[in-house]
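Observations on chain architecture
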Amino acid sequence: MKDITLGQYYPVKSPVHSLDPRTKIILTVLLIVFVFISKTFAGLGICALFILLVDFIARIPLKNLLKSLKAIGFIIFFTFLLNLFFFTQGNAVFEYGIIKITDSGITRAVFMAIRLILLIVGAGLLTFTTSPIELTDGLERLFTPLKVIGFPAHEIAMMMSIALRFIPILSEETDKIMKAQSARGAVFDQGKLTKRVKAIVALLIPLLVSAFHRALELANAMEARCYHGGEGRTRLKVLKMTKKDALAFAIMGIFCLIIVVDNLILSKIFLVG
Amino acid sequence: MSISIKKLNYVYDPESPFSVAALEDVDFSVQDGEYVCILGHTGSGKSTLVQHLNGLLKPTSVEEMLVEGVDLTVKKPDMKTVRQKVGMVFQYPEYQLFEETVLEDVSFGPKNMGLPNEEVEKRAKEALALVGVGEELFSASPFELSGGQKRRVAIAGVLSMKPKVLVLDEPIAGLDPLGKAEILSVIDQYHKKYNATIIMISHNIDDVVEVADRIVVMHKGRKALDGKTEEVFSQHERLLELGLELPSVCELVYRLNLLGKNIPTTICRIDDLVQFVSGVKK
Ligand SMILES: Nc1ncnc2c1ncn2[C@@H]1O[C@H](COP(=O)(O)OP(=O)(O)OP(=O)(O)O)[C@@H](O)[C@H]1O
Ligand SMILES: [Mg+2]
C-alpha cells in the first residue's frame, strides 16, 4: 500500500483525478502562465478562487494542499523581504538609515508572495491528482512529436518510470537496513560525529549493493522479455481524451478569458509592478 | 519474566489514507529461557509485533510493556540497554553486511556497545565459532561469501552482542535443507549455552514443531492461539481455519483419526509418534 504514497499523490476518486494526464499537464501549464500574467490583486483573487474550486472538485483536503508550501516557505519569505527592501519607488512609509520601505514596495512584496504561493499550489494540484506513473505516461505522449528532432521521449519516460518504481523499494530497503543496524547498536540521529558517520556508512553500503543487484536483475528481466526500446512498442493503457477533458478545457478557457479581461480593464485603473 | 506486554496496539501511517491497524490489543509475555515460535498467515502482524521488543517500533498505545526489566512505555526508554539485551535477526539478514572483513562486520555490534577492543574481538571470534565460520574466512570480504555463509556471518553479528533475548524473523527463509538445519542448530546451541530466550518467526512449521516450547499464532493483527506446542498443534481444525498448515506428523494423525483411528492429538513430533506407534504394537 505504502508504495503509492510516493510524492504527493492523493488517491481519491474525483472528476479531476479521472482526467487524461495530458489534459492536466497542459491545463496546469496554462494556469501557471495565467497566474504569471495576472497584473492585479483581483486577477490573483480569481486565480485563487479557481484553484480552490478545482481543489474542491478534486476532493483534496485544503490542509494537504497547503502543506506543499511548507518546504518552500523560506523562499517565499525571502522574496517578500527582497521586494520590500529593494523596491524604492513610491512614497516612503518607513525610513531608517539606508533602509527605506515604500508603499508600492509593500504592495509589490505582498503581490509577489501571493503569486508565488498560487504558483506552488496550482502546480501542486497536478501532482496531487495525478499518480507519478500517469504523469510520465502523459509527458511521454506530449513529447512524442519531438522525436522527429531526435528528442528521446520514450527513453526518458522509461527512465522516469523505472526511477519512480524504485523509489518506494529503496525507501523500504533503507527502512529495513536502518532497523537492522539500529538493532546492532548503530545510532543515526545522535552522538559523536564519527559514530554517526559510521552508522551512515553501515546504511549506505548495503543500500548500494542491493540497488546494483536490483538494477542488474531488472535489466536482465527486461531483456529476457525482449525489451528493445520504444520502436513499435504498443501500450497496455491507451490514453484517451473524453468529453470530460473537453469540459475541463472549456472551463479553463473561460478562466483565461476572465484574466485577460481583468488585465486589460482593471490594470489600467490599478496597476501593480 | 523476560517480556511482558499488555494490550499492544500499532497502526502504520495513522491519519493517512493508507493507515493499517497492524496489531490490536495483543498480550504477549515470555518467560526467561523460553523458546517461543510465532506463526501466522502473511500480513498477520508477526514482524510488527517483534519489532516492538527492542523499541524499533513505538506502540500506538499500550498498557504495559516490560522487556528484560526495561519499561518501554515511558517517554525516553533506555534504548541502549534494550538493544543490548534483545538481539534481532531480520529476514534475509545478509543485507546488513557492510564492513570490509567478516571479523570487522561481526565486531560492529559489540563496538557500538562501547566494549574495550580485546573484548570486542573475543566476542566476535566466539560468535563466529558458534555459527561455524572458520578462521580462514575472518579476513574475507563478507560480499564474496556464499549465501549460507553470509547468513551465518550476519547472525554472528547479532550473537556477538550476547543478547539475553534473541529474536529471529524467518531466519531460515530461502535456505536449502542442510543450511536450514545448520542455522536451527546454531540457534539451539545459543539457547542452551546461555539459557537465552528465543523468539522465532517461521513459516517452516515442521521445523518449528521440533524446536519450540511454546507457540503463538497471530491472525489479522490479533493473537489467535497461545500455548504449549503440543496443545496448540492438537487443535487441528482451528489451525486449518486460521490458514495454517499442520506439521506433517499432525496431518498424519489428523487423517488417520478421520479414518477412525484413535491417536492422541497432542502427538505432533516425530519421536512421539514413533514411540506411540511402536508402543502400541508391543
Ligand atoms: N512499513 C509499513 N508501512 C505500512 N504498513 C505496513 C508496514 N509494514 C507492514 N505493514 C502492514 O502491516 C500488516 C502486518 O505486517 P507484518 O509485516 O507485521 O506481517 P507479517 O505477519 O510479518 O507478514 P509476513 O509473514 O509476510 O512477514 C500488514 O497488513 C502490512 O501490510
Ligand atoms: Mg514478516
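Below is a short write-up of the structure. This structure is a prediction, so every number in the text was calculated from the model and none was measured. (Residues numbered from 1 in each chain as written. Chains lettered and ligands numbered in written order. Predicted model: local features only at pLDDT ≥ 70, side-chain atom pairs only at ≥ 80, totals over all residues. Heavy atoms only, no water.)

Here we look at the overall build of chain A
What chain A contains, in helices and strands, is nine helices and two strands. Reading the secondary structure of chain A in the N-to-C direction produces α-α-α-α-β-β-α-α-α-α-α. Its C-alpha atoms give chain A a radius of gyration of 24 Å, more than 25% over the compact-globule value 19 Å for 273 residues. Based on the C-alpha atoms only, the size of chain A along its principal axes is roughly 65 × 60 × 40 Å. For chain A, the residues scored as buried account for 37% of the 273 residues in total. Sequence separation of at least 24 residues holds for 74% of the intrachain contacts in chain A that already meet a minimum separation of 6. Of the accessible surface of chain A, which amounts to about 16,500 Å², a share of 72% is contributed by carbon and sulfur atoms. Charge-centre separation for chain A: the mean point of 31 positive side chains lies 4 Å from the mean point of 18 negative side chains. (Helix = DSSP H or I, 4+ residues; strand = E, 2+ residues; numbered from the N terminus. Rg over C-alpha atoms; globule rule 2.2 N^0.38 Å. Buried < 20%, exposed > 50% of the residue type's maximum accessible area, 1.4 Å probe, protein only. Contact = heavy atoms within 4.5 Å. Areas by Shrake-Rupley, 256 points an atom, 1.4 Å probe, with all protein chains shown as cover. Lys, Arg positive; Asp, Glu negative; His and termini not counted. Charge placed at Lys NZ, Arg CZ, Asp CG, Glu CD.)

Side note on the site of ligand 1
Residues and elements named next belong to chain B. Taken together, 15 residues are adjacent to ligand 1, and T42, G43, K46, S47 and T48 come closest. In this structure, an oxygen atom belonging to ligand 1 sits 2.3 Å away from a side-chain N or O atom of T42. A distance of 3.2 Å separates an oxygen atom of ligand 1 from a polar side-chain atom of H203. Broken down by secondary-structure element, the contributors of at least two residues to the shell around ligand 1 are β2 (20–30) and α1 (46–50). Here the shell around ligand 1 gets three residues from one element, more than from any other, and that element is α1. Residue composition of the shell around ligand 1, by class: three nonpolar, eight polar and four charged. (Near = heavy atom within 4 Å. Polar contact = N/O pair within 3.5 Å; in protein donor to acceptor, adjacent residues only side chain to side chain. Nonpolar A, V, L, I, M, F, W, Y, C, P; charged D, E, K, R; others polar.)

Overview of the environment of Y96 of chain A
Along the polypeptide, Y96 of chain A turns up in strand β1 (residues 92–96). Between the alpha carbons of Y96 of chain A and L170 of chain A there is a distance of 53 Å; along the sequence they are 74 residues apart.

Some words on the interface of chain B and chain A
Opposite the 21 residues of chain B that make contact, chain A presents 24 residues. At the boundary of chain B with chain A, total buried surface from both sides reaches about 2,100 Å², with 67% on carbon and sulfur atoms. Per-residue buried area on chain B facing chain A is highest for F18, Y95 and F98 of chain B; these three make up 32% of the total on that side. Inspection of the chain B/chain A interface yields two salt bridges. For the pair chain B and chain A, the interface holds seven residue pairs in polar contact (both at pLDDT 80 or more). Here the side of chain B that touches chain A gets four residues from one element, more than from any other, and that element is helix α3 (residues 102–112) of chain B. The residue makeup of the side of chain B that touches chain A, split by class, is twelve nonpolar, six polar and three charged. (Buried area = accessible area lost by both parts, 1.4 Å probe. Salt bridge = Lys/Arg side-chain N within 4 Å of Asp/Glu carboxyl O.)

Observations regarding a negative patch on the surface
Residues and elements named next belong to chain B. A cluster of acidic residues, D206, E210, E245 and D271, forms a negative patch on the protein surface. By the element assignment, E245 lies in the loop between α9 (236–241) and α10 (248–258). Residue classification places E245 among the exposed residues on the basis of a relative accessible area of 55%. (Patch = residues over 30% accessible without salt bridge, like charges linked within 9 Å, V, L, I, M, F, W, Y side chains within 5 Å.)

Digging into the nonpolar core
Considering soluble globular proteins, one finds that nonpolar side chains tend to be buried as a cluster. Core analysis: the largest hydrophobic core is formed by 52 residues, its most contacted members being L128, L159, I215, V217 and F233 of chain B. It is helix α5 (residues 147–159) of chain B that provides the largest number of residues to this core, a total of six residues. Ignoring anything within four residues of it in the chain, the contact list for F233 of chain B reads L39, I205, V209, I215, L239, P247, C250, T265 and C268 of chain B. Counting 31 residues, the second largest nonpolar core, distinct from the first, contains A180 of chain A together with I3, L56 and I201 of chain B. (Core = buried A, V, L, I, M, F, W, Y, C linked by side-chain atoms within 4.5 Å.)

With respect to the pairing of strand β3 (residues 35–40) of chain B
Residues and elements named next belong to chain B. Most of β3 sits out of view: six of its six residues are buried. Neither face of β3 is open: one carries Y35, C37 and L39, the other V36, I38 and G40, and all of them are buried. With four bridges joining them, β3 and strand β8 (residues 197–201) adopt parallel strand pairing. Bridging across to β8, Y35 finds its partner in I198. Taken together, the five bridges between β3 and strand β9 (residues 214–219) define a ladder with parallel strand orientation. Following the sheet pairing, V36 is matched in β9 by R214. (Pairing = 2+ DSSP bridges.)

Side note on the packing of aromatic side chains
Residues and elements named next belong to chain B. Applying the stated criterion across every chain yields a total of seven aromatic pairs over all chains. Considering the side-chain rings of F98 and F108, the 4.9 Å spacing of their centres and the 80° angle between planes classify their relative orientation as edge-to-face. Note that F98 is positioned in the loop between β6 (86–89) and α3 and F108 in helix α3, a separation of ten residues in sequence. F108 shares its class with F98; the two are buried. (Phe/Tyr/Trp six-rings, centres within 6.5 Å; stacked < 30°, edge-to-face > 60°.)

Some remarks on the pattern of salt bridges
All names here are of chain B. Within the structure shown, the criterion is met by 21 salt bridges over all chains. Put simply, R222 and E24 hold a salt bridge, and the shortest N to O gap is 3.4 Å. Of this pair, R222 sits in strand β10 (residues 222–228) while E24 sits in strand β2, and the two are 198 residues apart along the sequence. Here the residues in one salt-bridge network are E34, R214, K223 and D226, joined through shared partners.

A look at the sheet that holds β8 of chain B
Residue and element names in this part refer to chain B. Spatial strand order, β6-β7-β8-β3-β9-β10: six strands in an open sheet with mixed pairing. Every interior strand has two partners, whereas the edge strands, β6 and β10, have only one. Adjacent strand axes in the sheet meet at a mean angle of 15° when their direction is disregarded. As paired elements, β9 and β10 share six bridges and run antiparallel to each other. Pairing of I215 across the sheet is with G227, part of β10. Together, β3, β7 (165–169) and β8 form the strand contacts of helix α6 (residues 177–194), whose direction differs from that of β8 by roughly 155°. (Axes fitted to C-alpha atoms, helices over the stretch in contact; angles between N-to-C directions.)

Some remarks on the environment of P110 of chain B
Within the secondary structure layout, P110 of chain B lies in helix α3. Considered as a pair, P110 of chain B and V30 of chain B are 80 residues apart in the sequence and their alpha carbons are 25 Å apart.

Here's the deal with the side chain of R151 of chain B
Residues and elements named next belong to chain B. The residue R151 is located in helix α5 in this model. Relative accessible area serves as the criterion here: at 1%, R151 is assigned to the buried category. Within the structure, the side chain of R151 is placed 2.8 Å from the backbone oxygen of A173, a separation counted as a polar contact. In contact with R151, other than residues within four places in its own chain, are Y92, P93, E94, E170, P171, I172, A173, L175 and I183.

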